[in-house]
Every structure is written in structure tokens, then in C-alpha cells.
Amino acid sequence: MINVLKPGLQTTVQDDGRVGYYETGMPPSGAVDQYSYAVANMLAGNKKGAAVLEITYMGPALEFQEDAVIAITGGVIPPQINEAPVPMWETLEVKKGDVLTFDFVKQGARAYLAAAGGIDVPVIMDSRSTYTLCGIGGFDGRALQEGDVLSIGNMQEKEVKPGTRVTGEYIPEFSANHEIRVIIGLCSYRLTEESKQRFLDIEWTVTPEANRVGYRLKGERLDFVPREQPFGAGSNPSNVVDLGYPIGSIQVPDGIEPIALLNDAVTGGGYAPVATIISTDLNRIGQAKTNEKIKFISVTLEEALEARQQNNRKLAEVKQMMQSS
Amino acid sequence: MTDFTTRYSYGGDEFIFVELSEEMTLEVNFQAMAITKKLREQQMPGILDICPSNASYMVRYNPDVLPAAELIDELKRLESSAQNLDDIVINSRLVDVPVLFEDPWTHDAVMQFRDRHQDPESTDLEYAARINGYESKEAFIEAVTGSPFLVSMIGFVPGLPFCFQIVPREKQIEVPKYVRPRTFTPERCFGFGGGFSVVYPVQGAGGYQMFGISASPVFDKEQKLPDFQDSIVFPRQGDIFRYRGITREEYDDVRADVEAGTFAYHKKDFTFRPDDVLKDPAGFSEMVLGRLYHD
């Protein structure tokens, strides 16, 4: 058992997501940074898909009621056990009665805490992930609160020796300037050529409206190609006949303040989406904080797949390192 | 749809987005249903989600298993095989959805966000009636409740039905969305935006005109009600909803049944072919209302 002494800003139970329900309007949820999530589970010796805690900006204070093996990855929110700093990206041992706390966020926005065995909450629609907008999954469908008690499950597949760590190229770095790769498409034909270029040239600023549903960005107004609106779309030039939004898709309501959708996305609507963040960089945009800068880089599908394979390869190598540790 | 060429587009490396038409018609919605139904039946390895929408559809896939080019080839093949809608049968339900128009809760929300509306001096209902050429809001409500709607897409949030009225094109209602989206919409609010009516499953943000409130839920995460035993969401694409105006008294009765866990929709299973609708929308609507309430 783990006692939640303080919940942190927004700490939720997440896993690799809820797949297969998108057509009912249910987004996948799951860890925003799937790379850091997967490595945390490997360091804890967990099976793929075990649930972890996603920690946002400000960490919780957790008291362990049993001996446990844990690992913390993701954005740099420095962990401490009984007030002594402990490393991230390393298998750690905690004893019954130990208290885990976190220092102020140094880099990135979200950290992942895996415990060997996984966080045990009921599986709802094939996933333990929390979808707070509708109160589904995770711990009571919500972010953790003071006084909650978490159980550790039995999703451990391997004992990883405490002190085992990943290093160097396997640890992503998050600066305050994020380069995020996108594939231009979907309804990008709605933007003028000039605005399509501006979308890529501008340095966008993350607004305070940045959460698991989406990131709203500030920059400058983009223009749409004038047209007589098609039947059913609505009168604003940014309106289209309501359609499905891919995870990572970026829409520009009324031409102002683009919104990039993340794991708790609204699954559809009537604003023209003009580009989609590639899966590898979805891991990174969720590590951007309010007021940080984002620049979108246009890539081809081939380049996106290359980045994806590189990401898969890194995870396979980390897995290999754990096997031989 | 005359000279439009379907757009196939990459939504990042995990989605293919297919826009069949820029404008909404019943025909294009049936086409999207037909293609996605065939795709679902094939059970291709590597497909994660199949999401039909109004005039488009979207597929989420795992590119490590299924290459995009292969998937697109298959989608194009399905598109040409679905040109002829003759061989498509839609398993649907006819459903009576009780709606209290101009209810106090929606009215509060309407008044709260006047500054985000095209016409701050009118209510959403008065405005929609006027710009669609109705002489009164009562006449407008009669048009909304007089003919049923096809559930043409589910999405935005779990269980939200986008509904397109089964009437000839010249009778279709169309309204703009709010100038700026609201931060609040009551749960079960009956709204209208573009060419679509909706019921908001949960309280939250929204941009559609607000006309009233549905007494019955479209979303039940506890799955207490009999209509939600199989799924936390009630509407399915292809369902036919008739929005029926009710009194406050009936509203309170339905709410009491919902709270008691005994409410069940008045509904009938129903199978139809797209052609039945397309060749005579008005006749089809009349027929299904007869089937729902009298047969």
C-alpha cells in the first residue's frame, strides 16, 4: 500500500492507453510520454502495460506501507526519499515507512513513477488509465487526493537489481524550446499557402490552457482560403463538417490559437485540423510547460516512421539491458 | 459530391483520414458507414480503431504491422466497392428521445454566455428560428421534432450523437456555432450546430446553439440503466432518433425513472437500406415514425 500524504498538482494513474473505443468518443488516455513511461516500467521489472503514476509539474508526497522497488523517469522533477535526493532513471529500493517527495520541476513537465507490480486499480475497458473529463478509469476516475491509499499489483515479470540504470542517449533531454515534428495534412487545404508556411515559421508559445486534453498555443492569426461554406459545416471559415480528430492533430479555431490534441483528446468536432504530431514527438510535447516555445517541423511519413523505428529500437535496447542486468 | 475527389491523408504515423466530401449529405454518411462496415468485417491485423464520421472517416493503425500504403490501397478498393449502396443493410434502432425545450437550466446557460453569441438580444432558439425562416420558435420546434434524425457520428466526448435530420435538403436546418465556445454546457443539453443536432453527454465546454434538455441520458458510466448494459454510451451510428417535445411534468417523471434506475428508451429494432431513405426522405421519416409509435 502507498499512502498519499500530498497529491501534487495533478497525479493520475496511467498506462499504455485504452484502444478500440475511439468510435464511441472515448479517447485512449494513457501516459502522455509513452517513452518515459515504458522505461519506468522496465526499470521496475514490470510487464508491458503496467500502470504507473503520471506526475505533473509538482510531485506528490507518498508514504510506502510496504517494501517496494520503484523507478522514476520523464521530466526532471527531482525525487527524494526521506528528504535525501535519489536519482531518476534508476531502479530504487524503498522500505516500509519511507516517504517519497519531489523537488521543484527542473526540466520537462511530467515524470513517471513505476512500482514493481504496477499500480493496481480496476481495469475499465481494457485499461487502467484515468480519463478525468468523464471520471473513467484510474483511481476513482480522478487525480489523486490527500488520504488516498494505492495498492501495488502483480504485474512484475522480473526482479531488476536496485541500482540498475539507463544512461546517456536513453535519457531524453527537455529544454524550454521544443521542436515538434508534424505531418501536414488532414484539412490543411483550408489554410492559405502563406499561413501554412507561417504555421511552420512561427515560434508558438504554450498558454496556461495546456493539459492532457490539449495544448493551446499563442502566436499569430492564420488565414483560411475564402470559400462558400459547405452545407452542414457552420459559418466560420475554420469550420468543417464535424469529423474525427486524430491524437496529435492540430486545429486552429477561428484562425487564432492552435490547439494540439493529446491523449485525452476530444475525438471529433468541427474545426479544420491542419497537421498531426508524429507519435514519437507526442512523447515530447507533453513535456512542454506553459510559456515555453514550440516550433513545428514538417516531415514526411517516411521520416516519421524512421523516428518511430529509432524510438522502438531504443526501447528494445533498454529492455535488453534489463534482461542482462 | 458531384466532382469531389476523396482525400486520403496521413494523420501522423498512426492515423489515415479520409474525407469523402466537404459537404454533409445523407448519401455520403451512408457511404462512410458502408466502407467502415466492410473494413471492420475484414478484421485486418494492425487496425486499432475504425471511426466513421459524418462525411469522412478515420482509421488508427499500427504502422509496425500494417504499412500505410497497403492500408490506403485497401481503403480505396473498399471505396469503389461502396459506390453502389445497394448491398448495404443498416441495423438500426428507432428511438424516442424526450426533450424539454426552453428548460430553466439551459436558459440559465444561454443567458450566461450572451456575449459569445451572434445575437445577444435573442435566445438561441429565437435566433435559430429566425435565420431559418420560421415565423415563431414554436414553428421551429415543430420542424425539429416533426422528422427524425439519423445518428451520423459519435464523438467529441463519449456518447455524443451527431444527428442529421432525415428531410429533403431544402428543409434541412442549419445554424452557426457560437462566435466563441462556451466554458459551460449543461449535461444532456439538446444543441444544434452547423447541420447537426446533438445531446451533450456530460457537462462541459461547447459551441452549439442550446435549445433544451434531454430527459434521458446518452452516457451512463455506472451502467445502471438497462439500455447501458453493453456499453457506457447509448447512441450508435445508424440509429434513428426522434426528438419529442415534452412537458415539465413528463420531464420530471422521466428523471425520477432515470434516478431509480428503471428508465428504458422507447425503441424498436429496425433494418433499412440507404436507398429507402435517399429516394424519399419525407416518406421514409413518416414511415419510421409510424413504426416507432404505432406498429
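Values in this document were obtained by computation on a predicted structure and should not be read as measured data. Residue positions within a chain follow its written sequence, with the count starting from 1. The lettering of chains begins at A and the numbering of ligands begins at 1, in the order of writing. With the structure being a predicted model, the display of local features is reserved for residues of pLDDT at least 70 and the display and counting of side-chain atom pairs for 80 or more, all residues being used for whole-chain, interface and lining totals. Side-chain metrics rest on all non-hydrogen atoms present in the structure, leaving aside hydrogens and water.

**Notes on the overall build of chain B**
- Every helix listed is a DSSP run of H or I at least four residues long, and every strand listed is a run of E at least two residues long, numbered separately from the N terminus. Per the secondary structure count, chain B includes eight helices and twelve strands.
- Radius of gyration here is computed from C-alpha atoms only, and the compact-globule reference equals 2.2 Å multiplied by the residue count raised to the power 0.38. Taking 19 Å as the expected radius of gyration for a compact globule of 295 residues, we find that chain B reaches 20 Å, a close match to that expectation.
- Only protein chains enter the accessibility calculation, which uses a 1.4 Å probe; a residue whose area is less than 20% of its type maximum is buried, one above 50% is exposed, and one in between is partly exposed. Across the 295 residues that make up chain B, the buried fraction comes to 60%.
- Note on definitions: a residue-residue contact is assigned when non-hydrogen atoms from the two residues lie within 4.5 Å. Partitioning the contacts of chain B with sequence separation of at least 6, the portion at a separation of at least 24 is 66%.
- Within chain B, one finds 30 positive and 48 negative side-chain charges whose respective centroids are separated by 1 Å. Within this scheme the basic residues Lys and Arg register as positive and the acidic residues Asp and Glu register as negative, but His and the chain ends are omitted. To locate a charge, take NZ of a lysine, CZ of an arginine, CG of an aspartate or CD of a glutamate.

**Some remarks on the overall build of chain A**
- For chain A, the helix and strand inventory stands at four helices and 21 strands.
- Taken over the C-alpha trace, chain A has a radius of gyration of 20 Å; the compact-globule value for 325 residues is 20 Å, and the two agree within 12%.
- Once the C-alpha set of chain A is aligned to its principal axes, its extents read approximately 65 × 35 × 30 Å.
- A burial count over chain A gives 61% of its 325 residues as buried.
- Sequence separation of 24 or more characterises 76% of the internal contacts of chain A that already satisfy a separation of 6 or more.
- Methods summary: accessible areas were calculated by the Shrake-Rupley approach with a probe of 1.4 Å, and residue burial reflects only the protein chains presented. In the structure as shown, chain A presents an accessible area of about 12200 Å², 49% of it carried by carbon and sulfur atoms.
- Separation of charge centres in chain A, based on 30 positive and 41 negative side chains, amounts to 2 Å.

**Some remarks on unusual backbone geometry**
- Even without a glycine there, the phi angle at Met125(A) is positive, about 50°.
- Mapped onto the secondary structure, Met125(A) falls in the loop between strand S11 (119-120) and strand S12 (149-152).

**Side note on the sheet that holds strand S13 (residues 177-184) of chain A**
All names here are of chain A.
- Each pair of strands is called paired provided DSSP finds at least two bridges between the two strands. On the basis of which strands lie adjacent, the closed barrel formed by seven strands has the order S13-S20-S17-S18-S15-S14-S21 and mixed pairing. Across the sheet, the mean angle from the axis of one strand to that of its neighbour is 40°, orientation sign disregarded.
- As judged from the two bridges shared by strand S14 (residues 204-210) and strand S21 (residues 293-298), these two strands associate in the antiparallel manner. Counterpart to Trp 204 in the pairing with S21 is Ile 294. Lines fitted to the C-alpha atoms define the axes, with helices restricted to the stretch that makes contact. Angles between their N-to-C directions range from 0 to 180 degrees.

**Brief notes about the domain arrangement of chain B**
Residues and elements named next belong to chain B.
- For the domains described, the bounds stem from an automatic or database domain assignment. Domain parsing of chain B yields domain 1 (7-83) and domain 2 (91-293).
- Using only C-alpha atoms to locate each centre, domain 1 and domain 2 end up separated by 27 Å.
- Counting from both sides, the interface comprises eleven residues of domain 1 and, opposite them, 15 residues of domain 2.
- Counting the surface domain 1 buries against domain 2, the share from its top three residues, Leu 26, Phe 30 and Asn 54, is 49%.
- We count a salt bridge whenever a side-chain nitrogen from Lys or Arg sits within 4 Å of a carboxyl oxygen from Asp or Glu. The tally of links between domain 1 and domain 2 comes to one salt bridge.
- The salt bridge partner of Glu 23 is Arg 169, with a shortest N-O separation of 3.6 Å.
- Counting of polar contacts relies on pairs of N or O atoms within 3.5 Å, with two restrictions inside protein: one atom must be capable of donating a hydrogen and the other of accepting it, and residues adjacent in sequence are counted only when both atoms are side-chain atoms. Along the contact surface separating domain 1 from domain 2 lie two residue pairs in polar contact (both at pLDDT 80 or more).
- For the side of domain 1 that touches domain 2, the leading source of residues is helix H1 (residues 26-42), giving five residues.
- Taken together, the residues that form the side of domain 1 that touches domain 2 break down as five nonpolar, four polar and two charged. Values labelled buried area give the accessible surface lost by two parts on being combined, using a 1.4 Å probe and summing over both. Residues are sorted three ways: Asp, Glu, Lys and Arg are charged, Ala, Val, Leu, Ile, Met, Phe, Trp, Tyr, Cys and Pro are nonpolar, and all the rest, Gly among them, are polar.

**Considering the packing of helix H1 (residues 34-43) of chain A against helix H4 (residues 301-323) of chain A**
All names here are of chain A.
- It is at 10 Å that the axes of H1 and H4 come closest, and there the two elements cross at 10°. Classified by the angle between their axes, H1 and H4 sit roughly parallel to one another. Residue-level contacts link Tyr 35, Ala 38, Val 39, Met 42 and Leu 43 of H1 to Asn 311, Lys 314, Leu 315, Val 318, Lys 319 and Met 322 of H4.
- Looking at the contact of H1 with H4 residue by residue, the classes come out as eight nonpolar, one polar and two charged. Working definition: roughly parallel below 35 degrees, roughly antiparallel above 145 degrees, roughly perpendicular at 65 to 115 degrees, and oblique for all remaining angles.

**Side note on the side chain of Thr25(B)**
- Secondary-structure assignment places Thr25(B) in the loop between strand S2 (15-19) and H1.
- Polar side-chain contacts of Thr25(B) include one of 3.0 Å to the backbone nitrogen of Val28(B).

**What to know about the UniProt feature "domain: Carboxyltransferase" (unreviewed entry) in chain A**
- According to UniProt, the "domain: Carboxyltransferase" (unreviewed entry) feature falls on residues 23-314 of chain A.
- Helix makes up 14% of residues 23-314 of chain A and strand 32%. Its end C-alpha atoms lie 32 Å apart. UniProt positions are given in the numbering used here, feature names are shortened, and annotations may be inferred rather than shown by experiment.

**Things to note about the interface of chain A and chain B**
- At the interface, 52 residues of chain A touch 55 residues of chain B.
- Across the interface of chain A and chain B, roughly 4000 Å² is buried in total on both sides, 61% from carbon and sulfur atoms.
- In terms of surface lost to chain B, no three residues of chain A exceed Glu23(A), Phe231(A) and Asp242(A), which account for 19% of the buried area on that side.
- Linking chain A with chain B are six salt bridges.
- For the salt bridge of Lys177(B) with Asp242(A), the shortest nitrogen-to-oxygen distance reads 3.5 Å.
- If you look at where chain A meets chain B, you find 24 residue pairs in polar contact (both at pLDDT 80 or more).
- When residues of the side of chain A that touches chain B are traced back to their parent elements, those giving at least two are strand S16 (239-244), strand S19 (268-271), strand S20 (273-277) and H4 of chain A.
- The leading source of residues in the side of chain A that touches chain B is S16(A), at six residues.
- For the side of chain A that touches chain B, the residue count by class is 31 nonpolar, 17 polar and four charged.

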